[in-house]
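Letter by letter, the chains look like this.
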Amino acid sequence: MKKPVIYITVIVVLLTANLYLFLNPRKGINNAASNRYFDGVEKESLSRISFTNNDQVVSMVKSENGWLLDDSLRVDREFFNTLLIILDKVETLGKISTWAGDTLGEIELVTSKEVVKLQYAVNPTKTKAFFIDGSGVSEVSVPGYRDNVIGIFELHPDQWRDRLILDAGWRTIQRIKVDYQNAQDIVIQFDNTFFLVNGQPPRDSSALVDYLNQFQYFQANEIISKGRFPRFDSLMATQPTAQLTIDEINNEDRLSMKIFPPLSGQNYHLVTTGNRMMVIDSKRVNNLLPELSDFFSD
């Protein structure tokens, strides 16, 4: 089984690249006369983006509510922004006459005026990337982006799913119950002006506010689908270590998060909300599971 840490590392690299490309545009390039591969494509009118990698298909469609994966799942905003930046900045370094090697997959961009199709490939050492279309073979790269540009097209479909679990804080959370399997449960309840912890005012109110504020734009490290990691499928059928139930004024539905113990040798926990499976790193999971002493220290 491939470890989730591999995929989480890819996430960090891509988001770092996103920030780098925003803050470090290539100097001395005249956009009107640049070698940008998709310069003639009206990216503002994109309505569908899809790419394949072996037997994996990623298809994202623009809707009234934003971009959707497979017509129903919200697309991760940060990943999608990285993709748009790469499509905008990817440049042709040069042309070669033919391509004799294997291709890795296909890319399709649909705008209001055209459908752009091409294949992509890498050299044997995976140090160079190539786009192949009707006009020939182009070596491509993104200025300032040290990783192979093809990497973003090789992500698993799960990695394009929105990772946001909850966006709340001490001003909007009404109640949290931490139901432990082998420890005393904790109930944090808003009471007119502030919160009670198991019915008592906390001694350390700042620690309580810090605990609640960790749910501001709280994301999973990665969403995973059933069948992708069989060991996680088996783990989901066992008793969780704890269950968090969160009531928040901006959401009609109560959020319930089941947290399972980490598998041997892994620093990530399986967490489920309903039928949705995800992994969250151990450090953040530990922060989600307080002890009463955290709020009643002198």
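Scope of this entry: the structure provided in the associated data block. (Residues numbered from 1 in each chain as written. Predicted model: local features only at pLDDT ≥ 70, side-chain atom pairs only at ≥ 80, totals over all residues. Heavy atoms only, no water.)

1. Describing the sheet that holds strand E13 (residues 194-197)
One open sheet accounts for eight strands, arranged E13-E12-E11-E16-E17-E18-E19-E15; its pairing is antiparallel. Strands with a single pairing partner mark the edges of an open sheet, and in this sheet they are E13 and strand E15 (222-224). Mean inter-strand twist for the sheet, computed between neighbouring axes without regard to direction, equals 25°. Here strand E11 (residues 173-180) runs beside strand E16 (residues 242-248); their pairing, made up of seven bridges, is antiparallel. Looking across to E16, one finds that Asp179 is bridged to Gln243. Relative to the sheet, helix H3 (residues 205-213) contacts E11, strand E12 (186-191), E13 and E16, its axis offset from that of E13 by approximately 95°. (Pairing = 2+ DSSP bridges. Helix = DSSP H or I, 4+ residues; strand = E, 2+ residues; numbered from the N terminus. Axes fitted to C-alpha atoms, helices over the stretch in contact; angles between N-to-C directions. Contact = heavy atoms within 4.5 Å.)

2. A closer look at the sheet that holds strand E1 (residues 48-53)
A sheet is described by the order of its strands in space; here nine strands give the open sequence E4-E3-E2-E1-E6-E7-E8-E9-E5, paired in antiparallel fashion. Unpaired on one side and paired on the other, strand E4 (73-74) and strand E5 (91-96) mark the two borders of the sheet. As paired elements, strand E6 (residues 105-110) and strand E7 (residues 115-122) share six bridges and run antiparallel to each other. Looking at the pairing, Val110 lines up with Val115 of E7. Sheet strands touched by helix H2 (residues 77-89): E1, strand E2 (56-63), strand E3 (66-69), E5, E6 and strand E9 (136-141). Its angle to E1, the strand with the most contacts, is close to 90°.

3. Quick look at the packing of aromatic side chains
Scanning the model with the defined rule gives 17 aromatic pairs in all. Taking 5.9 Å as the distance between ring centres and 85° as the angle between the ring planes, the aromatic pair formed by Phe229 and Phe232 counts as edge-to-face. Looking at Phe232, the relative accessible area reads 0%, which means it is buried. In this structure, Arg284 is placed above the aromatic ring of Phe218, and the distance from its NZ or CZ to the ring centre is 4.9 Å. (Phe/Tyr/Trp six-rings, centres within 6.5 Å; stacked < 30°, edge-to-face > 60°. Buried < 20%, exposed > 50% of the residue type's maximum accessible area, 1.4 Å probe, protein only. Lys NZ or Arg CZ within 6 Å of the ring centre and 35° of its normal.)

4. Comments concerning the pairing of strand E8 (residues 129-133)
Within E8, four of the five residues are buried, which leaves the element mostly enclosed by the surrounding structure. Sheet topology places E7 next to E8; four bridges connect them, and they run antiparallel. Within E8, the position partnered with Tyr120 by the bridge is Phe131. In this structure, the hairpin formed by E7 and E8 is closed by a connection of six residues, where Lys126 is found at a positive phi of approximately 60°. Pairing geometry for E8 and E9, over five bridges, is antiparallel. Of the residues in E9, the one forming a bridge with Ile132 is Val137. Hairpin connection of E8 to E9: two residues between the antiparallel strands.

5. Describing the environment of Ile96
Along the polypeptide, Ile96 turns up in strand E5. Residues Ile96 and Val137 lie 41 residues apart in sequence; the distance between their C-alpha atoms is 5.5 Å. Each residue touching Ile96, except ones within four places of it in the same chain, is listed here: Phe130 and Val137.

6. Quick word on the nonpolar core
The tendency in soluble globular proteins is for nonpolar side chains to be buried as a group. In this structure, Phe38, Ile49, Met60, Leu83, Phe131, Phe153 and Trp160 are the most contacted members of the largest nonpolar core, which totals 34 residues. Of all the secondary structure elements, the ones that give two or more residues to this core are E1, E2, E3, H2, E6, E7 and E8. Counting residues per element, this core draws most heavily on H2, which supplies five residues. The contact partners of Ile49, leaving out residues within four places of it in the chain, are Val58, Ser59, Met60, Trp67, Phe80, Leu83, Leu84, Leu87, Glu108 and Leu109. (Core = buried A, V, L, I, M, F, W, Y, C linked by side-chain atoms within 4.5 Å.)

7. Some words on the pairing of E6
For E6, the tally of buried residues reaches five of six residues, placing the bulk of the element in the interior. In the sheet, E1 pairs with E6 via four bridges, with the strands oriented antiparallel. Along E6, the bridge assignment pairs Ser50 with Glu108. Where E6 folds back onto E7 in an antiparallel hairpin, the turn is made up of four residues.

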